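Below, each chain spelled out in residue letters.
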Amino acid sequence: MSSSAIEADTSNLVCQLDNVQGIVDALSTVRWKRHQDALVEVSEHGIVWIVEETGCLQAKVYLQKELFIRYEYTAQGRPRFGLSLGLFVDCLNTFSVPGHSSTIEIRYPGPDMQLLIKSADSLDDCIYAEIRTRIPETISWDYNFEPAGSTPLSFTVKSAALKEAIDDLEWPGSSIQIILKPVPPSVTFRGEGHGDLQIDFMYYANTDLLIAFHCDHQVSYRYKYKFLRATTSNIPSSVIKDNRGSKLTIGRGGMLKVQHLVSVARPSTSHQHIDSAGYQQPSRIAYIEFFVKPEEDEETVND
Amino acid sequence: MKFKAFLTDNGVSLLDRRFLPALEKMGKICHLFLTRDHAFFLHNLLSTDGIQSIAQFRKQALFDDYRISSQNEDRIAFAFDISLLLRAVRSSVSICSEFGAAPAPANRLQIKLVKKLPPNCTQPMPFLTFETKGYKSAVIQDVPISKPLSRAQVLELQATLDAAQDLPRTLVQVPDLNRLQNFVDRMKHVGDLLNVTISKYGNLHLQISTTLITLGAEFRKLLVVGDKAQAPSEDRDLSAQTRSERAIAMGDAQSVQVSVRHFSKSLQCHLAKPDCAFYGIAPQGACLTVIFQFFVPGTRLTDKSISLHCRLPVLDPGSS
């Protein structure tokens, strides 16, 4: 660890983590295409990754400092920098050795504003990387998600079931309508395109799938299929294995928020008691949020 | 031109479970070069690009009752598709093992070179024929092969083979082949060109550099075979890159650039289950060589009847 004396001078973020695969999983969740740029925001609370597409879809990954075994942030404010998400994930992947728990150290900024990563396991073997960062582009919309009314419009569904439903809706394609109804309490996904497909989650009939449900008046919004699909297409297998739920909330104007929880627990604990791992280490969860803008009315007519 | 031999049980297991699966990863088409004493499986020896692999077996390692004759000093070479050979060997094995309970000597697997007239053809074609005698049945499988190489081509093959025997001056032992392969396979996503530096101190340093990223791995204190030197003590506190640069400047290391895909392919040879592997850079940085070592089962002695090594073409002479 002391071998990087040269780099230590410039870095005001030094953090170490012991579950590389967990972070790879969390970041892969928001990687809906191969080449994707991310905006990274560093603060005393942790690191936030923001990815967006054409002003209609935005995703955030929150890596709170509790996920790291060491997290030292010495600067003021919240520096932001741009980075290729794909490159970072591919690079991080080389640090993850199946069957080994590997510890890595991340530093920012390097002498040339790079992001520096290196393995911190052994003195004789070392993997290292330097990734060039960019001056951040401004985000085209940093949406403050606002609740639609006094009662939140939300439901929590098993992540596996949500992914399956959205995968199935590929066939009608293009535009998907999500309808929340208080009586009977239910959520409907409806696709119209090359044909019709409707998937209903009935709250009382499927309490094991639809875990929670809040809705006091009927709402219905349409979302582009490709954006909806991006929210679930790369859910890591650990989320499905851990039998986790995803929370969907509809905010003002039909803005859809999709939240997933990805475990970044140490591999040793997550191997044995998958279900209890989350409870034992409640803080070792990466929070993932997607924001999807609804389709405009005239667009739906044209479609 | 005649070739006929019986594959021994040991030969079958070497080919079926170890060498053919490994060689298949090197490339679909391979040359089989048979001499009075040896059988060679060769990849890319007659072409200038691509990774060369040379698997050499003493005839006793694979065969029994080995008979070869040709007008070219009893040397025969031809090209074939490895996957077809592997299928023929596998199916012969399954026929043999079906009757495995029967006394062994009856289930012999004979291979021979034949010319046959295939259906719908007017010209006879060469085949490597596998003949398996089971308990009640006999199965013959014909693996199509190329026309045997001409005398000139065989000479060229022999000459390249002789030239490929040059050993690098310094070889370092790979610590953990599986782990290294895992790493390099993931590295492939990041870039195409890999810089490999090998020092007399026992350092193996791999690095990919593109405009956006530098990703590398350094393994130190590896076992060195050949020229070695003591690492300078001030080396410890340096970064991997600086360490390599200094070693090169002092003439204690060489560096070459190879394709990541070639490097990863060379690691696939672990399918042949070698006992250890060594990397070295050929004199003048002509190529990156990897040598796999096989022990006599149950010992730490080199099995001299089997050898396997690969030569990776160098894309840029580097700083040798």
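Residues numbered from 1 in each chain as written. Chains lettered and ligands numbered in written order. Predicted model: local features only at pLDDT ≥ 70, side-chain atom pairs only at ≥ 80, totals over all residues. Heavy atoms only, no water.

Asker: Any chance you could explain the overall build of chain B here in plain terms?
Answerer: A count of helices and strands for chain B gives seven helices and 18 strands. The C-alpha atoms of chain B give 22 Å as radius of gyration, which agrees with the globular expectation for 320 residues (20 Å, within 12%). Looking at the 320 residues of chain B, the share that counts as buried comes to 54%. Partitioning the intrachain contacts of chain B with sequence separation of at least 6 by distance along the chain shows that 65% fall at a separation of at least 24. Of the accessible surface of chain B, which amounts to about 15,100 Å², a share of 50% is contributed by carbon and sulfur atoms. (Helix = DSSP H or I, 4+ residues; strand = E, 2+ residues; numbered from the N terminus. Rg over C-alpha atoms; globule rule 2.2 N^0.38 Å. Buried < 20%, exposed > 50% of the residue type's maximum accessible area, 1.4 Å probe, protein only. Contact = heavy atoms within 4.5 Å. Areas by Shrake-Rupley, 256 points an atom, 1.4 Å probe, with all protein chains shown as cover.)

Asker: Explanation requested: unusual backbone geometry in the structure shown.
Answerer: Residues other than glycine predominantly adopt negative phi, and peptide bonds predominantly adopt the trans conformation. That bond from Tyr 108 of chain A to Pro 109 of chain A is cis: its omega, -15°, falls within 30 degrees of zero. With respect to the secondary-structure elements, Pro 109 of chain A resides in the loop between strand 7 (104-108) and strand 8 (115-119). With an omega of -15°, the peptide bond between Val 183 of chain A and Pro 184 of chain A qualifies as cis. Note on placement: Pro 184 of chain A falls in the loop between strand 11 (175-181) and strand 12 (186-192). Unusually for a residue other than glycine, Lys 273 of chain B sits at a positive phi of about 55°. Its place among the elements puts Lys 273 of chain B in the loop between helix 7 (260-267) and strand 16 (276-281).

Asker: What is the right way to look at the domain arrangement of chain A in this model?
Answerer: Interfaces are often sized by the accessible area lost when the parts come together. Residues and elements named next belong to chain A. Each domain of chain A was delimited in the assignment, giving domain 1 (2-131) and domain 2 (153-302). Facing 26 residues of domain 1, the contacting portion of domain 2 comprises 25 residues. On the domain 1 side of the interface with domain 2, the three residues burying the most area are Thr 29, Leu 57 and Leu 67, jointly 25% of the side's total. In this assembly, domain 1 and domain 2 are joined by one salt bridge. With a shortest N-O distance of 2.8 Å, Arg 284 and Asp 18 are connected by a salt bridge. (Domains from an automatic or database assignment. Buried area = accessible area lost by both parts, 1.4 Å probe. Salt bridge = Lys/Arg side-chain N within 4 Å of Asp/Glu carboxyl O.)

Asker: How should I be thinking about the packing of aromatic side chains in this particular structure?
Answerer: We describe a pair of aromatic rings using the distance from one ring centre to the other and the angle between the two ring planes. All names here are of chain B. The final tally for this structure, using the stated rule, is 18 aromatic pairs over all chains. Their ring planes at 70° and their centres at 5.6 Å tell us that Phe 3 and Tyr 66 sit as a pair that is edge-to-face. Residue Phe 3 is located in strand 1 (residues 2-7), and its partner Tyr 66 is located in strand 5 (residues 63-69); the two are separated by 63 residues in the primary sequence. The class for Phe 3 is buried, based on a relative accessible area of 2%. On the basis of relative accessibility, which here comes to 13%, the residue Tyr 66 falls in the buried class. By the ring-pair criterion, three or more aromatic residues cluster together here, those being Phe 19, Phe 41, Phe 57, Phe 78, Phe 80 and Phe 294. (Phe/Tyr/Trp six-rings, centres within 6.5 Å; stacked < 30°, edge-to-face > 60°.)

Asker: When you look at helix 1 (residues 9-26) of chain B in this model, what are you seeing that I'm missing?
Answerer: The α-helix advances 3.6 residues per turn, and as a result positions three or four apart in sequence lie on the same side. Residue and element names in this part refer to chain B. Relative to the 26 Å expected for 18 residues at 1.5 Å per residue, helix 1 spans 25 Å between its end C-alpha atoms, a close match to the ideal helical length. Taking the largest bend as the criterion, helix 1 deviates by roughly 45°, centred on Phe 19, and proline Pro 21 comes between one and four positions later. All of the buried residues in helix 1 are Gly 11, Val 12, Leu 14, Leu 15, Asp 16, Phe 19, Leu 20, Pro 21, Ala 22, Leu 23 and Met 26. (Expected span 1.5 Å × (residues − 1). Bend = angle between axes of the 7 residues up to and from the residue.)

Asker: What is the right way to read the sheet that holds strand 9 (residues 138-144) of chain B from this model?
Answerer: What links the strands of a sheet is backbone hydrogen bonding, and the strands pair in either a parallel or an antiparallel sense. All names here are of chain B. Spatially, 5-1-7-8-9 is the arrangement adopted by the five strands of the open sheet, whose pairing is antiparallel. A strand with exactly one partner marks an edge of an open sheet, and here the two such strands are strand 5 and strand 9. When the angles between neighbouring strand axes are averaged without regard to direction, this sheet yields 20°. Inspection of the sheet shows strand 1 paired to strand 5 by five bridges, in the antiparallel sense. Bridge pairing in strand 5 places Leu 7 opposite Phe 63. (Pairing = 2+ DSSP bridges. Axes fitted to C-alpha atoms, helices over the stretch in contact; angles between N-to-C directions.)

Asker: What should I look at first to understand the interface of chain B and chain A in this one?
Answerer: Taken together, the contact pairs 24 residues of chain B with 22 residues of chain A. Taken as a group, Arg 179, Arg 186 and Leu 212 of chain B account for 29% of the area that chain B buries against chain A, more than any other trio of residues on that side. Summed over the shared surface of chain B and chain A, the number is zero salt bridges. Taken together, the connections running from chain B to chain A amount to nine residue pairs in polar contact (both at pLDDT 80 or more). (Polar contact = N/O pair within 3.5 Å; in protein donor to acceptor, adjacent residues only side chain to side chain.)

Asker: I would appreciate a short explanation of the side chain of Ser 305 of chain B in the present structure.
Answerer: All names here are of chain B. Note on placement: Ser 305 falls in the loop between strand 17 (287-293) and strand 18 (306-313). Here the side chain of Ser 305 touches Asp 303 through a polar contact of 2.6 Å, side chain to side chain. Once you skip the residues sitting within four places of it in the chain, Ser 305 turns out to touch Gln 56, Phe 57, Arg 58 and Ala 61.

Asker: Would you mind showing me how to read the pairing of strand 5 (residues 70-73) of chain A here?
Answerer: A regular strand carries its side chains on alternate faces of the sheet. Residue and element names in this part refer to chain A. Residues Tyr 71 and Tyr 73 point to one face of strand 5 and are all buried, whereas Arg 70 and Glu 72, pointing to the other face, are not buried. In terms of strand pairing, strand 1 (residues 13-17) meets strand 5 through four bridges, oriented antiparallel. Paired with Leu 13 across the two strands is Tyr 73, which belongs to strand 5.

Asker: Would you explain the pattern of salt bridges in this entry?
Answerer: Two side chains with opposite charge may pair up if their charged atoms get near one another. Residues and elements named next belong to chain A. As enumerated under the stated definition, the model contains 29 salt bridges over all chains in all. For the salt bridge of Glu 105 with Arg 70, the shortest nitrogen-to-oxygen distance reads 3.8 Å. Here Arg 70 lies in strand 5 and Glu 105 lies in strand 7, a separation of 35 residues in the sequence. Between Glu 295 and Lys 224 there is a salt bridge whose closest N-O contact spans 3.3 Å. Of the two residues, Glu 295 is situated in the loop between strand 18 (285-292) and helix 9 (297-302) and Lys 224 in strand 15 (residues 219-224); the sequence distance between them amounts to 71 residues. Judged by its relative accessible area of 27%, Lys 224 falls in the partly exposed class. Within the structure, one salt-bridge network assembled from shared partners comprises Arg 70, Glu 72, Glu 105 and Arg 107.

Asker: I keep staring at the domain arrangement of chain B and nothing clicks. Help me out?
Answerer: Residue and element names in this part refer to chain B. As assigned here, chain B comprises domain 1 (2-163) and domain 2 (170-313). One C-alpha centre belongs to domain 1, the other to domain 2, and the line joining them spans 32 Å. On the domain 2 side, the residues contacting the 20 residues of domain 1 number 19 residues. With both sides pooled, the region where domain 1 packs onto domain 2 buries about 1,800 Å², and carbon together with sulfur makes up 61% of that total. On the surface where domain 1 and domain 2 come into contact, there are zero salt bridges. For the pair domain 1 and domain 2, the number of links is seven residue pairs in polar contact (both at pLDDT 80 or more). Counting residues per element, the ones that place at least two in the side of domain 1 that touches domain 2 are helix 1 and strand 4 (52-58). Ranked by residue count, the leading element in the side of domain 1 that touches domain 2 is helix 1, at nine residues. Looking at side-chain class alone, the side of domain 1 that touches domain 2 contains 12 nonpolar, four polar and four charged residues. (Nonpolar A, V, L, I, M, F, W, Y, C, P; charged D, E, K, R; others polar.)

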